[in-house]
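Chain by chain, the residues:
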Amino acid sequence: MEKCARVHSIESFGTVDGPGIRYILFMQGCELKCKYCHNRDSWDITGGQVKSIDEIFNKILNYKEYICPNGGVTISGGEPLLQYEFLINLFTKLKKEKIHTCIDTSGMISINNEIKKLIELTDLFLLDIKHIDSEKCKYLVGVSNEKELNFARYLSDKGKKMWIRQVIVPGYTDEKEDLRKLKKFVSDLKTVDKIEFLPYHSMGKYKWNNLGLDYEFEYVRDADDDDIKRAQEIFNYNWNIEVVY
Ligand code: SF4
């Protein structure tokens, strides 16, 4: 069982990535290639800082009185599921302490027995659907959406709570037809508590430039209130919808 993790960064008082106050661990490493990635420095799985399970667990325990009973621990990234062995280890300890566990993921992973085990230990998933259209998904993040949609269906079948996230990128993820398809897909899932729209912004551009890379979405404008309103209208306000900035 993995005793160390590669960690990109830590936020000890997060308030938007799951319910209540969250201790958030941003894991290093991601195999997707989102053109709008705001954490381009998190892709390299050999980067970040190596932290031991004891170091992380003890830090979390120091914050227990602040994050419990309404908050908990959220693992984000990068893509947290790449370090599933470490997370099984960590979440096993957290569950013994009755700490709420949440994973913020694209769900772009094959569901093997270890992933199933991790899913069992996770109270809530923030599932970032990259694109409901498979071809557009491939263009935007480098792979089709098959795995993430399967992941969503699996969570639904297993009764796992999820909040569906959609980054609203003007001209790329906010076409009416696509949002309608997304709505239909989400309607068929049984365990969605909330929809969260994340307005696209270009604040992560400097990270690409710092690495000597071009930011392809340089000329894509940030999403504004009207973009978000249009997306909300397509969902008819029938859902518990929030906007996450
Ligand atoms: S999944 Fe997240 S970390 Fe990975 S490329 Fe996309 S935006 Fe970046």
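Everything here concerns the structure above.
Residues numbered from 1 in each chain as written. Predicted model: local features only at pLDDT ≥ 70, side-chain atom pairs only at ≥ 80, totals over all residues. Heavy atoms only, no water.

1. Details of the overall build of the protein
What the protein contains, in helices and strands, is nine helices and nine strands. The globule rule puts the C-alpha radius of gyration for 245 residues at 18 Å, and the 17 Å found for the protein is close to it. Principal-axis analysis of the C-alpha atoms places the extent of the protein at approximately 45 × 45 × 35 Å. Each of the 245 residues in the protein was classed as buried or not, and the buried ones make up 52%. Considering only contacts within the protein whose residues lie at least 6 apart along the sequence, 72% involve residues at least 24 apart. Total accessible area on the protein stands at roughly 11,600 Å², and carbon and sulfur atoms take up 47% of it. Counting 36 positive and 39 negative side-chain charges, the protein places the centres of these two groups 4 Å from one another. (Helix = DSSP H or I, 4+ residues; strand = E, 2+ residues; numbered from the N terminus. Rg over C-alpha atoms; globule rule 2.2 N^0.38 Å. Buried < 20%, exposed > 50% of the residue type's maximum accessible area, 1.4 Å probe, protein only. Contact = heavy atoms within 4.5 Å. Areas by Shrake-Rupley, 256 points an atom, 1.4 Å probe, with all protein chains shown as cover. Lys, Arg positive; Asp, Glu negative; His and termini not counted. Charge placed at Lys NZ, Arg CZ, Asp CG, Glu CD.)

2. A few points about the environment of Phe 26
Here Phe 26 is to be found in strand E2 (residues 22–27). Phe 26 gets classed as buried once you look at its relative accessible area, which sits at 13%. Spatially, the C-alpha atoms of Phe 26 and Lys 183 are 29 Å apart, while their sequence positions differ by 157 residues.

3. Describing the packing of aromatic side chains
For the structure shown, the criterion picks out 12 aromatic pairs. Seen from their ring centres, Phe 13 and Tyr 63 are 5.7 Å apart, and the 80 degrees between their planes marks the pair as edge-to-face. Remark: Tyr 63 occurs in the loop between helix H1 (53–62) and helix H2 (64–67) and Phe 13 occurs in strand E1 (residues 4–14); sequence separation between them is 50 residues. For Tyr 63, a relative accessible area of 21% corresponds to the partly exposed category. (Phe/Tyr/Trp six-rings, centres within 6.5 Å; stacked < 30°, edge-to-face > 60°.)

4. As for the nonpolar core
Counting 52 residues, the largest nonpolar core has Ile 60, Ile 75, Leu 90, Phe 151 and Ile 164 as its most contacted members. Examining the composition of this core, we find that six residues originate from one element, helix H3 (residues 84–96), more than from any other. If we ignore the near neighbours within four places in the chain, the residues touching Ile 164 are Leu 127, Ile 129, Val 186, Leu 189, Val 192, Lys 194, Ile 195 and Glu 196. Grouped together as the second largest cluster of nonpolar side chains are 19 residues, Leu 32, Cys 34, Cys 137 and Leu 140 included. (Core = buried A, V, L, I, M, F, W, Y, C linked by side-chain atoms within 4.5 Å.)

5. Description of the site of the ligand
Near the ligand, the surroundings consist of Cys 30, Leu 32, Cys 34, Cys 37, Ser 42, Trp 43, Gly 78 and Lys 130. Its atoms largely coinciding with the cavity grid, the ligand occupies the largest pocket. A breakdown of the residues in the shell around the ligand according to their chemical character gives five nonpolar, two polar and one charged. (Near = heavy atom within 4 Å. 1 Å grid on protein atoms, 1.4 Å probe; cavity = no way out; pocket = protein on both sides within 12 Å on 5 of 7 lines; lining within 4 Å. Sits in = over half its atoms within 2 Å of the grid points. Nonpolar A, V, L, I, M, F, W, Y, C, P; charged D, E, K, R; others polar.)

6. What to know about the sheet that holds strand E6 (residues 124–128)
Read from one edge of the open sheet, nine strands run E3-E1-E2-E4-E5-E6-E7-E8-E9, paired in mixed fashion. A single partner strand is all that each edge strand has here, and the edge strands are strand E3 (49–52) and strand E9 (241–243). Mean inter-strand twist for the sheet, computed between neighbouring axes without regard to direction, equals 30 degrees. Sheet analysis places strand E7 (residues 161–168) next to strand E8 (residues 192–199), joined by seven bridges and oriented parallel. Along E8, the bridge assignment pairs Ile 168 with Pro 199. Contacting strand E5 (100–105), E6 and E7, helix H6 (residues 146–157) runs over the sheet at an angle of about 155 degrees to E6. (Pairing = 2+ DSSP bridges. Axes fitted to C-alpha atoms, helices over the stretch in contact; angles between N-to-C directions.)

7. Topic: the packing of H3 against helix H4 (residues 113–120)
Taken N-terminus to C-terminus, the directions of H3 and H4 make an angle of 35 degrees; their axes are 9 Å apart at the nearest point. The handedness of the crossing between H3 and H4 comes out as left-handed. Facing H3, whose interface residues are Tyr 84, Leu 87, Ile 88 and Phe 91, H4 presents Glu 114, Ile 115, Lys 117 and Leu 118. In terms of residue class, the contact of H3 with H4 is made up of six nonpolar, no polar and two charged. (Left-handed = near helix turned anticlockwise from the far one by under 90°.)

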